[in-house]
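A structural walkthrough
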Amino acid sequence: MTYTGTVLRIDLTTGKATKEPLNKDWAREYLGGKGLSIKYLYEELEPGIDPLSTDNKLILMTGPTTGTIVPNSGKLAIAAKSPATGTILDCSIGGHFANELKYAGYDAVIIEGKAKSPVYLFIDDDLVEMRSAADLWGKGAHETEHLIADALGDVITLAIGQAGENLLPMACISSELYRQAGRGGIGAVMGSKNLKAISVWGSGGIEVANIRKVSAALNKIKREDTMTDDNMWAYSDGTPMIVDLSQSTGILPTRNFQEGTFDEYEKINSAAVKSTLKAKKACFACPLACSNYVKKGKTEVEGPEYETLALCGSNCAIGDLEAIIEFNRLCDDYCLDTISAGNVVAFAMELTEKDVHDFGIRFGEIDNFLKMPGLMANREGVGADLAEGVRAMAEKYGGGDYAMQVKGLEIPGYEPRGSWSMGLAYGTADRGACHMRAWPAAVEAFGDIDPYTSEGKAELVIGMQDDNAVKFSAIFCDFWALSTERMAEILNMLLDYEVTAAELTRIGERIYNLARLFNEREGFTKKDDYLPERIFKEKLTTGATEGKVLPREDYDKMLAEYYRLRGWDENGMISDQKKKELNL
Amino acid sequence: MQITLYLKGPLKKYGDNNDSLTIELEQDQVAINEIIEQLEIPASSISFIQINGEKSDSGTILMGGEIIVVNPRVAGG
Amino acid sequence: MNNILERSGFCLKALVFHAEKCIGCKLCHLACSAQNEEIFNPRLARLVITSCYDREGLIVDGQVCDLCLSCVEACPVGAIVEKNGRLSFLEELCTDCGLCVDICPNQVIVKKDKGIGVCVQCKSCANWCPTEALTFEEVKR
């Protein structure tokens, strides 16, 4: 059994840390990671709380695969109520924190309350210290990590930068400089608690029955199912590979989603990124090493990932890789989510060009573009408006039809007019517009399924959402395209009970419904499952998607079918029967 | 007739790790999937094929002079 | 001792680490600890591969047993023996003096509550390495 069975609860208000047993019943029903952290939050948070108040809780959750030799098991879930959207929020971060936490003896950490002054936590096996962060506050995440390493040595750290301290709804949490729990303002939750960083060091290990046999079986799986044609794009290219795919299918967001292709795409595609490559880098226990450690000019970064290239590149009409790399590095240091940051800058550019409001920045202006992360993170000048996200900017200045967000979360790098299933995936994602809950573009815009029909899209999206919910709970990285059968096979090597693929799919469905139930309790309804008007009304003008929209009636149809197949009523509310069926 | 083939990412290995292959075709009326078969690239390993920059059907008949890109499957995003 | 191996004409094979190929996944550490200690604990691995950032950038470094045999020579009770280019540890002879741990130039001997762990060339690490950053090769002296 690969759970430690122990949860560490830390109350920052009192400075008290206590150990408690992991709720085994919940672990059985929700596994770990995403699912189990949502379950704890659903049970422990009062409805309607302010996400930036002391009432919110921050949960770090591992899964049954964490710390073992299971390929691609190195990720950690971090969850809270989202300051950006007010929805449930779970993020996934790579690196080495998750395994280290488990080796320290914990399945999870639940952080409550608020420290009187800035602190950071040090979890050293049984010893839990709350240390002053007076000297760290005001510093970027990078220097924060370096200073903590100077003080504590060989530890793994989760840190926030100025964006988290200043409570930006796009503030992320960073680890090992270039890994992020990116979306929904999870970094602002830390900031609101006066918590600058969490460091961990663990001396223990994970025991598994028949460990040598299990290792041999997993090595075979690694060779035959992980390091295969289906997944090795991660090693050969990493996510920048998607730039060419999106460009050729007309779904590369360009100029704030005004177009689906970018003339200068060859300056920001995988070939361009590869020309700056210094080393490939992996998370703990990952053979795929999707990360590209690059250097261009004087700037180095682990990245830029596709989302950064799309949202901060083509979407801002920046066809200069060095500028994108620098923007990426700045965002990582200040702890800004590059998906949201790219969106707000592009939105400001369009509002300026359309004379709606002058933010002093236009498409393609590199110098101004590079000033934005600092202005946003510190809420200075025009950055004060941009810091609030596109929805708030539109409420203040207008342009709501092309404020590209769902539920307040900015849209990732796949144009829904050229991938209708992505539109539905964004609309029904639990934390607002997210591409990680379901990524149907892979088999639709980039595959054999017709992108321009509503037929079959609801079923496609639901299947992916449920499978991913299990994947992010077990925990396996998104970049290993493994089947639920394979997940069950692996989990059965680790758990003291048997689980089938069908049961895992059921667990995924339960998790997805619980996330929806959380949002339902917060007052979210059908109207919140809609996309910006631009997607429904404005025709794209270039490339493969020229002349395309996602007609509202087709979206209505997909959404209605989605609700029906989910067993929700016509307003998207979970039926009592479904709740009973899933033991919610 | 002659075509240029780019095998992307992990598919490069099916072309002896070359960035691009120039293929001379002796007969006319060759469909792109026949070339894929000759190179022994499993259909399941391909997400989609671009011909001259556009996503194309694998049954497309080649006329000569095309630039063909074969993309691998991707997951996650 | 080295001379004896050379004189006998025995072909020495040992682990070699190639930093430029390493992705820092630590699967080698996990494979080693699973095989030799029956637990997944990277700190019990008989090799030390690090891949992390400091202020200067990415640092990739690796220490593996290169069969220098310093530990064999240092052990006062003969608890570490080399046979056919392979180390083994005789726990019943070990007095926990720690000399081998201190003398190992690569610091890849694991100190345990009782006894120590030396690389026994099980090759689990190299078998797991996804990028051939760890290989088992002839070493020259």
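Counting of residues starts from 1 at the beginning of each chain's written sequence and follows it residue by residue. Throughout, the order in which chains and ligands are written sets their labels, letters from A for the former and numbers from 1 for the latter. The predicted origin of the model limits local features to residues at a pLDDT of at least 70 and limits the giving and counting of side-chain atom pairs to 80 or more, whereas totals for whole chains, interfaces and linings rest on all residues. Excluded from the side-chain calculations are hydrogens and water; all other atoms, namely the structure's heavy atoms, are used.

On to the overall build of chain A. Counting secondary structure elements, chain A contains 23 helices and 17 strands. Radius of gyration here uses only the C-alpha atoms, and the compact-globule reference equals 2.2 Å multiplied by the residue count raised to the power 0.38. Relative to the compact-globule value of 25 Å for 584 residues, chain A shows a C-alpha radius of gyration of 22 Å, a close match. C-alpha atoms of chain A, sized along the principal axes, occupy 60 × 50 × 45 Å. Taken over 584 residues, chain A has a buried fraction of 68%. Each charge sign in chain A was given a centre, from 64 positive and 88 negative side chains, and these centres are 2 Å apart. The numbering of helices and of strands both runs from the N terminus, where a helix is a DSSP run of H or I of at least 4 residues and a strand a run of E of at least 2. Partly exposed describes any residue whose relative accessible area lies between the buried limit of under 20% and the exposed limit of over 50%, with all areas from a 1.4 Å probe on protein chains only and scaled to the type maximum. Charge counting treats Lys and Arg as positive and Asp and Glu as negative, with His and both chain ends excluded. Charge coordinates come from a single atom per side chain, which is NZ of Lys, CZ of Arg, CG of Asp or CD of Glu.

Turning to the arrangement of the chains, a few remarks are in order. Whether two residues are in contact is decided by their heavy atoms: any pair within 4.5 Å suffices. Once contacts are tallied for each of the 2 pairs of chains in contact, the highest total is for chains A and C. Between chain B and chain C there is no contact; the minimum C-alpha to C-alpha separation amounts to 14 Å.

What follows concerns the side chain of Glu410 of chain A. Residues and elements named next belong to chain A. Its location among the elements puts Glu410 in strand E17 (residues 409-410). Despite its burial, Glu410 remains without a salt bridge, the nearest opposite charge being carried by Arg183 at 4.4 Å. Within 3.5 Å is the distance limit for a polar contact, defined as a pair of N or O atoms, with the added protein rule that one can donate a hydrogen and the other accept it, and that residues adjacent in sequence qualify only through two side-chain atoms. Among the polar contacts made by the side chain of Glu410, one reaches the side chain of Ser340 at a distance of 2.7 Å. Those residues within four positions of Glu410 in sequence are excluded, and the remaining contacts are Arg183, Ile339, Ser340, Asn343, Val344, Gly389, Val390, Met404, Gln405 and Ala433. Only one rule defines a salt bridge in this text: a Lys or Arg side-chain nitrogen within 4 Å of an Asp or Glu carboxyl oxygen.

What follows deals with the pattern of salt bridges. Residues and elements named next belong to chain A. Going through the model one piece at a time under the given rule, you end up with 55 salt bridges over all chains. One salt bridge connects Glu44 with Arg9, and the closest N-O pair in it is separated by 2.7 Å. Here Glu44 is found in helix H2 (residues 33-44), whereas its partner Arg9 is found in strand E1 (residues 6-11), with 35 residues between them in sequence. Glu44 gets classed as partly exposed once you look at its relative accessible area, which sits at 23%. As a salt-bridge pair, Glu581 and Lys578 come within 3.1 Å of each other at their nearest N and O atoms. With Glu581 and Lys578 both in helix H23 (residues 576-581), this residue pair falls 3 residues apart, about one helical turn. It is possible to trace a salt-bridge network through shared partners that takes in Arg9, Glu20, Glu44, Lys57 and Glu112.

Before going further, it helps to spend a moment on the packing of aromatic side chains. Residue and element names in this part refer to chain A. For Phe, Tyr and Trp, where Trp contributes only its six-membered ring, two rings pair if their centres lie within 6.5 Å, and the inter-plane angle classes them as stacked under 30 degrees, edge-to-face over 60, or tilted in between. Under the definition given, this model contains 20 aromatic pairs over all chains. Both rings, one in Tyr103 and one in Phe284, keep their centres 6.3 Å apart while their planes meet at 75°; by these two values the pair is edge-to-face. Of this pair, Tyr103 sits in helix H3 (residues 97-103) while Phe284 is found in the loop between strand E13 (277-281) and strand E14 (291-296), placing the two residues 181 residues apart along the sequence. A residue is classified by how much of its surface remains accessible, and Tyr103, at 3% relative accessible area, is buried. Pairing Tyr563 with Trp568 gives two aromatic rings, centres 6.1 Å apart and planes at 35°, and the pair type is tilted.

Of the consecutive residues Gly303 of chain A and Pro304 of chain A, the connecting peptide bond is found in the cis state with omega at -10°. With respect to the helices, strands and loops of the structure, Pro304 of chain A is situated in the loop between strand E15 (299-302) and helix H11 (306-313). Omega for the peptide link from Ala474 of chain A to Ile475 of chain A comes to 5°, which places this bond in the cis form. Of note, Glu40 of chain B is a non-glycine position whose phi angle comes to about 60°, a positive value. In this fold, Glu40 of chain B is placed in the loop between helix H1 (32-38) and strand E3 (46-51). For Glu38 of chain C, which is not glycine, the phi torsion reads 55° and is therefore positive. Inspection of the secondary structure puts Glu38 of chain C in the loop between helix H2 (27-37) and strand E2 (48-54). Under the relative-accessibility criterion, Glu38 of chain C is labelled partly exposed at 45%.

Between chain B and chain A, the residue contacts involve 21 residues of the former and 27 residues of the latter. Taken together, chain B and chain A are joined by 2 salt bridges. In this structure, the salt-bridge partner of Asp244 of chain A is Lys8 of chain B, at a minimum N-O distance of 3.9 Å. Where chain B packs against chain A, one counts 6 residue pairs in polar contact (both at pLDDT 80 or more). For the side of chain B that touches chain A, the secondary-structure elements that each account for two or more residues are E3 and strand E5 (67-72) of chain B. The dominant element in the side of chain B that touches chain A, judged by the number of residues it contributes, is E3 of chain B, at 3 residues. Split by residue class, the side of chain B that touches chain A holds 8 nonpolar, 9 polar and 4 charged. Amino acid classes used here: Ala, Val, Leu, Ile, Met, Phe, Trp, Tyr, Cys and Pro are nonpolar; Asp, Glu, Lys and Arg are charged; the rest, including Gly, are polar.

All names here are of chain A. Pairs of strands are assigned from DSSP output, requiring at least two bridges between the strands. Taken in spatial order, the 3 strands of this open sheet run E13-E14-E15, and their pairing is antiparallel. Edge strands, defined here as strands with exactly one partner in the open sheet, are E13 and E15. Strand-to-strand twist in this sheet, taken as the mean axis angle between neighbours without regard to direction, amounts to 10°. In this structure, E14 lies alongside E15, joined through 4 bridges in antiparallel fashion. Looking across to E15, one finds that Lys296 is bridged to Thr299. Axis angles are defined between N-to-C directions and span 0 to 180 degrees, where every axis is a line fitted to C-alpha atoms and, for a helix, only to the segment in contact.

A pair of packed helices can be characterised by two numbers: the angle between their axes and the separation between those axes. Residues and elements named next belong to chain A. For the pair H2 and helix H20 (residues 501-521), interaxial distance at closest approach is 10 Å and the crossing angle is 30°. When the axes of H2 and H20 are compared, the pair comes out roughly parallel. Crossing handedness for the pair H2 and H20: left-handed. Across the interface between the two elements, Lys34, Gly35, Ile38, Lys39, Leu41 and Tyr42 of H2 pack against Ile511, Leu514, Ala515, Leu517, Phe518 and Arg521 of H20. Residue composition of the contact of H2 with H20, grouped by class: 8 nonpolar, 1 polar and 3 charged. Angles are sorted into four bins: roughly parallel if under 35 degrees, roughly antiparallel if over 145, roughly perpendicular if 65 to 115, and oblique for all others. By convention the crossing between two helices is left-handed if the near helix lies anticlockwise of the far one by an angle smaller than a right angle, and right-handed if it lies clockwise.

Next up on the list: the pairing of strand E7 (residues 119-124) of chain A. Residues and elements named next belong to chain A. Of all 6 residues making up E7, 5 are buried, and the element is well covered by its neighbours. In this structure, E7 lies alongside strand E8 (residues 127-132), joined through 6 bridges in antiparallel fashion. Bridge assignment links Leu121 to a residue of E8, and that residue is Met130. Linking E7 back to E8 in an antiparallel pair, the connection comprises 2 residues, with Asp125 at a positive phi of about 55°. Alignment of E7 against strand E12 (residues 195-201), held across 6 bridges, turns out to be parallel. Paired with Leu121 across the strands is Ile198, a residue of E12.

With that settled, consider the environment of Tyr103 of chain A. Residues Tyr103 of chain A and Asn231 of chain A, spaced 128 residues apart in sequence, show a C-alpha to C-alpha distance of 28 Å. Aside from chain neighbours lying at most four places away, what touches Tyr103 of chain A is Gly67, Asp125, Gly202, Ser203, Gly204, Gly205, Ile206 and Phe284 of chain A together with Leu30, Phe40 and Pro42 of chain C. For Tyr103 of chain A, the side chain forms a polar contact with the main-chain oxygen of Gly67 of chain A, separated by 2.7 Å.

Another aspect to go through is the confidence of the model for chain B. The predictor attaches a confidence to each residue, called pLDDT, with possible values from 0 through 100. Counting all residues, the mean pLDDT for chain B is 91, and 97% of those residues have values of 70 or more. Taken over the whole predicted complex, pTM reads 0.97, whereas the ipTM for its chain interfaces reads 0.96.

So, about the interface of chain C and chain A. Each partner contributes to the interface: chain C provides 28 residues, whereas chain A provides 44 residues. Buried area is understood as the total, over both parts, of accessible area removed when two parts are fitted together, assessed with a 1.4 Å probe. Between chain C and chain A lies a buried interface of about 2900 Å² when both sides are counted; carbon and sulfur atoms form 58% of it. Sorting the residues of chain C by area buried against chain A places Phe40, Tyr53 and Trp128 of chain C first, and these three jointly supply 28% of that buried surface. At the boundary of chain C and chain A, one finds 4 salt bridges. Of the charged contacts in the structure, one is a salt bridge between Arg43 of chain C and Glu100 of chain A, with a shortest N-O distance of 2.7 Å. Along the contact surface separating chain C from chain A lie 15 residue pairs in polar contact (both at pLDDT 80 or more). The set of elements that each furnish at least two residues to the side of chain C that touches chain A consists of H2, E2, strand E3 (57-63) and helix H5 (124-128) of chain C. Top element by residues in the side of chain C that touches chain A is H2 of chain C. It accounts for 5 residues. A class-by-class count of the residues in the side of chain C that touches chain A yields 15 nonpolar, 7 polar and 6 charged.

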